[in-house]
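Descriptive structure summary
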Amino acid sequence: MTVLCDSWQRVINYLRISVTDHCNLNCLYCTGGVSIPPAPRSYALTYEEISRVVEVAAGLGITTVRLTGGEPLLRPDLSRLIGMLGHIDGIKEIALTTNGILLGALAEELKTAGLKRVNVSLDTLQPEKFEKITGSKRLSDVIGGIEAARQAGLNPVKINMVVLRGINDNEIVDFARKTISDGWHIRYIEFMPFGALKSEVGEMVSAEEIRERIKILGNLEPYTGEGGNGPARYYRFAGAKGTIGFISPMTEHFCHSCNRLRLTSDGHLRPCLLDDDEVDLKTALRAGVGTEDLKELIRRAVSLKQEQHHLAEGVGPSKRSMRGIGG
Ligand code: SF4
């Protein structure tokens with residue numbers, strides 16, 4: 001079996017693919033609530049081009065793919081891409097991260113096409129605050145999408161909550177309670193202030209503080225059942241069906257176990273979320289690049305991976321918004 005390793009001996013086996021930078025929400029911690037005009041659709045890689053990159057990357061050791069955006073479900077006929085990726089040798093799992101708005105209508109179809117699991121971004125359970133954070137009134141569609149995904153068997157459906165002090169941190173315990181009452185799998189994500197977002201959005205709440213706050217509901221037991229390819233550390237309350245995960249890039253970063261690359265919607269391979277280095281694959285693909293040369297470009301991206309990010313020191317990417325990278 002081929003293994004892709006970077007200069008820090010980390011095995012790289014996970015590819016996050018942004019299939020579009022279009023989104024039907026304007027989340028404060030992603031765009032600062034500002035409407036950013038997305039790139040023309042023609043900028044995006046075609047499904048055939050994405051599939052080619054994944055095929056060659058699988059030959060180098062990539063085994064898991066996660067589809068992201070913007071909002072990936074805005075890309076027409078996404079099930080066709082999932083079906084294409086599902087036929088590639090070496091790809092063991094296809095996952096998706098969505099804001100859930102369109103998930104209700106598509107969950108069954110995505111599952112049938114070969115999708116294994118889904119993460120849904122949800123930062124509040126209150127309709128007015130949902131509108132404040134996202135600019136939309138469609139909280140009930142997201143809740144309906146989560147339920148539809150669970151019914152369709154896209155389990156575990158994980159709920160990603162970006163915690164912002166003074167905006168939604170007063171719901172930390174409410175989300176934790178959902179792991180007991182409804183069996184939800186919650187992941188608390190520390191806000192990453194980068195690019196234009198630094199000052200205006202709100203303050204990060206550390207994983208440590210969140211753990212302290214939810215102790216009111218009982219003791220957290222470490223939990224290792226969740227799996228997945230992500231950086232989260234999992235726990236659960238005694239007897240709860242749901243779990244609690246922490247993704248803490250600012251206070252307890254996980255770069256030492258980084259296993260990923262990111263493909264942007266306009267075809268650039270990005271070694272790290274929090275660094276602007278990229279390798280342009282689209283130009284090569286549209287110039288008819290051969291498989292060996294494409295492999296070389298992928299290896300070059302891996303060789304550019306930094307040991308860790310420096311966002312806590314205020315050093316971060318500036319060339320793209322989170323929406324343009326895919327989180
Ligand atoms: S910040 Fe960069 S190096 Fe660290 S885990 Fe994320 S992608 Fe990997």
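For the structure itself, consult the block above.
Below is a short write-up of the structure. (Residues numbered from 1 in each chain as written. Predicted model: local features only at pLDDT ≥ 70, side-chain atom pairs only at ≥ 80, totals over all residues. Heavy atoms only, no water.)

By volume, the second largest pocket amounts to about 330 Å³. Considered class by class, the residues forming the lining of the second largest pocket number ten nonpolar, five polar and seven charged. (1 Å grid on protein atoms, 1.4 Å probe; cavity = no way out; pocket = protein on both sides within 12 Å on 5 of 7 lines; lining within 4 Å. Points joined across faces, edges and corners; volume = space filled by probe spheres on them. Nonpolar A, V, L, I, M, F, W, Y, C, P; charged D, E, K, R; others polar.)

Looking now at the pattern of salt bridges. The full count for this structure, using the stated rule, is 25 salt bridges. A salt bridge links Asp6 to Arg10, with the shortest nitrogen-to-oxygen separation between them at 2.6 Å. Taken individually, Asp6 and Arg10 each receive the classification buried, so the pair is uniform in this respect. The salt bridge involving Arg320 is made with Glu278; its shortest N-O contact spans 2.7 Å. With a gap of 42 residues between them, Arg320 in the loop between helix 10 (291–303) and helix 11 (322–325) and Glu278 in the loop between strand 12 (268–270) and strand 13 (279–280) connect regions that are remote in the sequence. The class of Arg320 is buried, set by a relative accessible area of 18%. (Salt bridge = Lys/Arg side-chain N within 4 Å of Asp/Glu carboxyl O. Buried < 20%, exposed > 50% of the residue type's maximum accessible area, 1.4 Å probe, protein only. Helix = DSSP H or I, 4+ residues; strand = E, 2+ residues; numbered from the N terminus.)

Following the sequence through the fold, Gly316 ends up in the loop between helix 10 and helix 11. For Gly316, a relative accessible area of 35% puts it in the partly exposed group. With residues up to four places along the chain from it excluded, the contact list for Gly316 reads Leu274 and Leu311. (Contact = heavy atoms within 4.5 Å.)

Another point: the site of the ligand. Close to the ligand lie Phe254, Cys255, Cys258, Arg262, Cys272, Leu273, Leu274 and His309. Considering only residue class, the shell around the ligand consists of six nonpolar, one polar and one charged. (Near = heavy atom within 4 Å.)

Read these as spatial facts, not as claims about activity.
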